[in-house]
Structures are given as structure tokens and as C-alpha cells.
Amino acid sequence: MYEDSSPGAPTPTSVAVAPDVVLPAARVDDAVLRASLDAIVSIDPHGVVLEFNPAAERMFGYSREEAIGADMAELIIPAAERDAHRRGLQRLLDGRPARILEQRVELDAQHADGTIFPVELAITRLAGDGPTALYTGFVRDLTDHTRAERERHERIARQALVVALGQTALTGVAPDEL
């Protein structure tokens, strides 16, 4: 692998962002975390929140200060789903296979005000296994998407009804009698 050792060249702990401009990788990582449109929530293997980006603050209604160190399940998982979440964490602690890591799933989440809303979630294991693992969830609010899909289905159903009524008016026979 080629490594540029000239002065000002990127290193494994830095990133070139422009000619002759090299930033520490941690600064770039922090900028990406802060700029993300998706909520990013990192937890330890016991579900304690380690990171909670600005998008997570907006999505869930908790400040970063309130979230860091808190039990994630109590903050953002609906009460009816918390036991399943905790069983999943225990499964990982026990070294058993993960069920939802490294894939996108649609689930419900909970806002600080108690509102339940649909989300798309992708969870990755950042480091370690079992008791040393760190996990990060990338969360996208699907409320608007779900509403648009429902409206689209309602529109299609209305259009089908109009067509059926038109057929009835033209033929004098109900669509189910054709």
C-alpha cells in the first residue's frame, strides 16, 4: 500500500480535505456526526447511550446531555418493545448471533413527549464483541414517508372507485356483476 510521507500528507489519523489541508480524522468524524440528517445513537453493550447527535436530539426530543449515560431503551424505545430490545442485547452479550445488525429494519420509536413514530434503523457493531462491544444506530424518521404512502394508497382506492362508478353508470351493471 502506498503511503505518502511528505509533509502535510494524510496519515491514518488524519484526512486530506483539500490540497495542502489535512485535518485530524477525529475532527472530520465529529463534523460528519454533527452534520448528519439521520439520527446517530451509539450505545455500549448494556444499552447505555454514548453518543447522541444533533439529528437525534431533534428526532427524539432529548438534549445530548440528557441522553448521554441514559438507558437508550427508556429514552427512545416504546414501552411495549423494551423487553425485546433488552433480550437482543443480552443475546449479543452471551455471544449468540445478532438478529438485526448490519441490515435496515423498520420499527417504531418514541419521542420524549411519548409520541410513537415509524423509523428505519440500521445498527452496526463499531468495535468489540460481547461485553466490549459498541453499537451505533442510524435512524431515519419515516413519518412523512408513511403518510405519503398512505395518501397514495387512498388516492388509488378513490380512483378505482371512480372507475367502478363510471362503469356502472355506462353499463348499468355493477362492477362485481361483470
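1. Here we look at the confidence of the model for the protein chain
Okay, so step 1: Here the protein chain averages 82 in pLDDT, while 71% of its residues score no lower than 70.
Okay, so step 2: The low-confidence segment residues 1-7, where pLDDT is below 50, has 2 contacts with residues more than four positions distant or belonging to other chains.

2. Quick word on the sheet that holds strand S4 (residues 49-52)
Okay, so step 1: As summarised here, the arrangement of the 5 strands in space is S4-S3-S7-S6-S5, forming an open sheet in which the pairing is antiparallel. Lying at the two open borders of the sheet, with one neighbouring strand each, are S4 and strand S5 (104-110). On average, adjacent strands in this sheet sit at an angle of 30° to one another, irrespective of strand direction.
Okay, so step 2: As defined by bridge partners, strand S6 (residues 116-127) adjoins strand S7 (residues 134-141) across 8 bridges and the pair is classed as antiparallel. Bridge pairing links Thr 124 to Thr 136 in S7.

3. Details of unusual backbone geometry
Where the residue is not glycine, phi is negative for most of them; where a peptide bond is considered, it is trans in most cases.
Okay, so step 1: Phi angles above zero are rare outside glycine, and Glu 102 is one such case at about 60°.
Okay, so step 2: Along the chain, Glu 102 turns up in the loop between helix H5 (79-93) and S5.
Okay, so step 3: Residue Glu 102 is classed as exposed on the basis of its relative accessible area of 56%.

4. Digging into the pattern of salt bridges
Side-chain pairs of opposite charge can arise whenever the charged atoms involved come near each other.
Okay, so step 1: Counting across every chain of the model gives 10 salt bridges.
Okay, so step 2: Across the pair Arg 64 and Glu 51 runs a salt bridge, and its minimum N-O distance is 2.9 Å. Taken together, the residues Arg 64 in helix H3 (residues 64-67) and Glu 51 in strand S4 connect sequence positions 13 residues apart.
Okay, so step 3: Here Arg 64 falls in the partly exposed class, since its relative accessible area comes to 28%.
Okay, so step 4: Put simply, Glu 120 and Arg 104 hold a salt bridge, and the shortest N to O gap is 3.4 Å. In this pair, Glu 120 is assigned in strand S6 and Arg 104 in strand S5, connecting sequence segments 16 residues apart.
Okay, so step 5: Arg 104 sits in the exposed class, given a relative accessible area of 60%.
Okay, so step 6: If you follow the salt bridges from partner to partner, you end up with Asp 38, Arg 104, Glu 120 and Arg 140 in one network.

5. Here's the deal with the nonpolar core
Okay, so step 1: Within the largest apolar cluster, 28 residues are counted, with the highest numbers of intra-cluster contacts made by Val 41, Val 49, Phe 52 and Phe 60.
Okay, so step 2: Those elements that provide at least two residues to this core are strand S3 (39-43), S4, helix H2 (54-60), helix H4 (72-76), H5, S5, S6 and S7.

6. Re the environment of Gly 130
Okay, so step 1: In this fold, Gly 130 is placed in the loop between S6 and S7.
Okay, so step 2: Residues Gly 130 and Gln 90 lie 40 residues apart in sequence; the distance between their C-alpha atoms is 8.9 Å.
Okay, so step 3: Sequence-distant contacts of Gly 130, defined by excluding residues within four places in its chain, comprise Pro 45, Leu 92 and Leu 93.

7. With respect to the side chain of Ser 36
Okay, so step 1: Tracing the backbone shows Ser 36 in the loop between helix H1 (25-35) and S3.
Okay, so step 2: A distance of 2.9 Å separates the side chain of Ser 36 from the backbone oxygen of Asp 38, its partner in a polar contact.
Okay, so step 3: Those residues in contact with Ser 36 that sit more than four places away from it in its chain are Asn 53, Ala 55 and Arg 58.

8. Let's talk about the packing of aromatic side chains
Both the distance between ring centres and the angle between the ring planes are used here to describe each pair of aromatic rings.
Okay, so step 1: On inspection of all chains with the given rule, the structure shows 2 aromatic pairs.
Okay, so step 2: Plain terms: the ring middles of Phe 52 and Phe 60 are 6.2 Å apart, the flat faces sit at 40° to each other, and that makes the pair tilted.
Okay, so step 3: With a relative accessible area of 1%, Phe 52 lands in the buried category.
Okay, so step 4: Ring centres 5.9 Å apart and planes at 40° place the aromatic pair Phe 60 and Phe 117 in the tilted group. Of the two residues, Phe 60 is situated in helix H2 and Phe 117 in strand S6; the sequence distance between them amounts to 57 residues. Residue Phe 60 shares its accessibility class with Phe 117, and that shared class is buried.
Okay, so step 5: Members of the aromatic cluster, joined through ring pairs, are Phe 52, Phe 60 and Phe 117.

Rules of the game
- Residue positions are counted from 1 within each chain, in the order its sequence is given.
- Since the coordinates come from a predicted model, pLDDT governs what is reported: local features require at least 70, and pairs of side-chain atoms require 80 or more to be given and counted, while whole-chain, interface and lining totals use all residues.
- Note that water and hydrogens are dropped before the side-chain values are worked out from all heavy atoms of the structure.
- pLDDT measures how confident the predictor is about each residue, on a scale from 0 to 100.
- The contact definition used throughout considers only heavy atoms, calling two residues in contact when any of these lie within 4.5 Å.
- Strand pairing is assigned whenever DSSP detects at least two bridges linking the two strands.
- A run of H or I in DSSP becomes a helix once it reaches four residues, and a run of E becomes a strand once it reaches two; helices and strands are each numbered from the N terminus.
- Helix axes are fitted only over the stretch in contact, all axes being lines through C-alpha atoms; the angle between N-to-C directions runs from 0 to 180 degrees.
- Relative accessibility decides the category of a residue: with a 1.4 Å probe and only protein chains considered, values under 20% of the type maximum give buried, values over 50% give exposed, and everything between is partly exposed.
- A pairing counts as a salt bridge when a side-chain nitrogen of Lys or Arg comes within 4 Å of a carboxyl oxygen of Asp or Glu.
- Residues belong to one nonpolar core when they are buried, are Ala, Val, Leu, Ile, Met, Phe, Trp, Tyr or Cys, and are joined through side-chain atoms within 4.5 Å.
- For this analysis, a polar contact is any N or O atom pair within 3.5 Å, provided that within protein one partner can donate a hydrogen and the other can accept it, and provided that sequence-adjacent residues contribute only side-chain to side-chain pairs.
- Ring geometry is summarised as follows: Phe, Tyr and Trp rings, the Trp one being its six-membered ring, pair when their centres sit within 6.5 Å, and such pairs are stacked at plane angles under 30 degrees, edge-to-face over 60 and tilted between the two.

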